Amino acid sequence: MTTAPLQLTTDEARRIALRAQSLLGAPDRRAGVRGVLRRLGAVQLDTISVLARSHELVPYARLGPVGREAVETAYWSGGTAFEYWSHAACVLPIDQWPLFAFRRRAFRARGHRWHHLEDRERSVAAVRERLAAEGPLTASELGGAKRGGPWWDWSQTKIAVEWMLDTGEVVCTRRQGWKRVYDLAERAVPAALRHDDLDDAACVRRLVGQAGAALGVATEADLADHHRLRAREVAAVVPDSGLVRVTVAGWPDRGARNRAWADPAALASAARGRHRTTLLSPFDSLVWDRARTERLFGMTHRLEAYVPAPARRFGYFAMPVLAGGRLVARVDPAREGGVLVARHVTMEDAGGRTERAAAQVADALREAAGWVGCGEVRVERVTPQAARPALVAAVAGG
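Residues numbered from 1 in each chain as written. Predicted model: local features only at pLDDT ≥ 70, side-chain atom pairs only at ≥ 80, totals over all residues. Heavy atoms only, no water.

## Topic: the pairing of strand E14 (residues 339-347)
The line we're drawing: When accessible area is computed with a 1.4 Å probe and restricted to protein chains, residues below 20% of their type maximum are described as buried, those above 50% as exposed, and intermediate ones as partly exposed. Numbering goes from the N terminus for both helices and strands, where a helix is a DSSP run of H or I of at least four residues and a strand is a run of E of at least two. Two strands form a pair only when DSSP identifies at least two bridges running between them.
Most of E14 is tucked away, with eight of its nine residues classed as buried. Summarising the sheet, E14 and strand E15 (residues 376-383) pair through seven bridges and their orientation is parallel. Across the sheet, residue Ala342 finds its bridge partner in E15, namely Val379.

What follows is the structure, given as structure tokens:
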């Protein structure tokens, strides 16, 4: 007999998602940044740095003003994490190394990623010998990352070491001045984890289960997006992943990609607790999937860093403001010396609660300012303009 899927309201789904993402309830400060990484399963890296880089903003959003050096130390010391291709380039818990065997095999089968090596055997051997003899090195230290042209004009050394990263012979153990530092997997990955024993289906099944735990409740498309899996791969394994079938009011439920699943642990108790009020990186896993963000929060969000300035609606690095379990605004921030500048604040429809929403945005701005060492907050443009006096007053009144 087939059991009918559990039915959730949209509010229940949103709270489940927030708790799964460690944004509802008391923060686990004892587990700290490493605990956040274990919970989320993947923290995206990106070159853009306005207030801070995205991988710093993610634990900040959950733990508050944790020291930025402490964030880097938590990720890259003690052999507890590595960088690899997940949702994008991500910091991942080291115990996930075996789960990406399917991706390493796929790279090997393909034979290349973006670039081709002129003499693969010779180039790879040279990198291997240098790392074995000298320990962890950047591409520049190995012999140069570029040939002198555009950023994608890689040297043969850079192509070789990135190929070895893709296929699992080397590991990115940390970033140094935003350059990857490479080491041999035999040194960087614990022996018990350093294997490709899991077949493709087992890898995907366990990654789908991990994504479900990190998201709380998700469609199959959401689950696929979390680690950039293929839809058909997810559909094949999700019934055996440990997740349970649910339906969510207001969510489309036709077609495999729209079928919703939930982590049974997330359903075991009601999602209650204190909501975080914070700025979110656009690359935060709560909002990195734009379709999911619209479904959960009713916000259509787009990173506009690569949009020509005159065409931007919200700003270069508009950061959603999470408060009371809702996305109440977007802030495009900048720093000018000791001043955090809100260049453009776009308020969402507050439904007559403009002053409350302004106070929430002001709280988020002041906490962020303190975290990055700014002693002052200045508000420039606000949309709608009628909300500006309330926001300026709330910032000044704090």
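## Comments concerning the sheet that holds E14
Rules: In this description, contact between two residues means that some pair of their heavy atoms is separated by no more than 4.5 Å. Axis angles are defined between N-to-C directions and span 0 to 180 degrees, where every axis is a line fitted to C-alpha atoms and, for a helix, only to the segment in contact.
Spatial ordering of the open sheet is given by E11-E12-E13-E14-E15, a layout of five strands whose pairing is mixed. The open sheet has two edge strands, strand E11 (278-279) and E15, and neither has a second partner. Running at roughly 150° to E14, helix H15 (residues 354-371) makes contact with E11, strand E12 (319-323), strand E13 (326-336), E14 and E15 of the sheet.

## Observations regarding the pattern of salt bridges
Going by this rule: Counted as salt bridges are all cases of a side-chain nitrogen of Lys or Arg within 4 Å of a carboxyl oxygen of Asp or Glu.
Scanning all chains against the criterion turns up 26 salt bridges. Between Asp11 and Arg14 there is a salt bridge; the shortest N-O distance is 2.1 Å. Of this pair, Asp11 and Arg14 both sit in helix H1 (residues 10-20), separated by three residues, roughly a single helical turn. The class of Asp11 is partly exposed, set by a relative accessible area of 33%. Residues Arg68 and Glu56 are paired through a salt bridge, measuring 3.2 Å at the closest nitrogen-oxygen approach. Placement of the pair is Arg68 in helix H4 (residues 68-76) and Glu56 in helix H3 (residues 54-63), with a sequence separation of twelve residues.

## A closer look at the layout of surface pockets
The condition that has to hold: With a 1 Å grid spanning the protein atoms alone, the term cavity applies to any set of points in which a 1.4 Å probe fits but cannot get out, the term pocket to an open set with protein on both sides within 12 Å along at least five of seven lines, and the term lining residue to any residue with an atom within 4 Å of a point. Grid points are joined across faces, edges and corners, and a volume is the space filled by probe spheres set on the points. Charged residues are taken to be Asp, Glu, Lys and Arg, nonpolar residues to be Ala, Val, Leu, Ile, Met, Phe, Trp, Tyr, Cys and Pro, and polar residues to be all remaining types, Gly included.
Considering only enclosed or pocket space, the largest pocket measures out at about 930 Å³ in volume. As for the largest pocket, its lining consists of 30 residues, and the residues nearest its centre are Trp85, Arg113, Trp114, Trp154 and Arg180. Looking at which element gives the most residues to the lining of the largest pocket, the answer is helix H5 (residues 101-110), with four residues. Its residues placed into classes, the lining of the largest pocket shows 14 nonpolar, five polar and eleven charged.

All we've got here are geometric facts, nothing functional implied.
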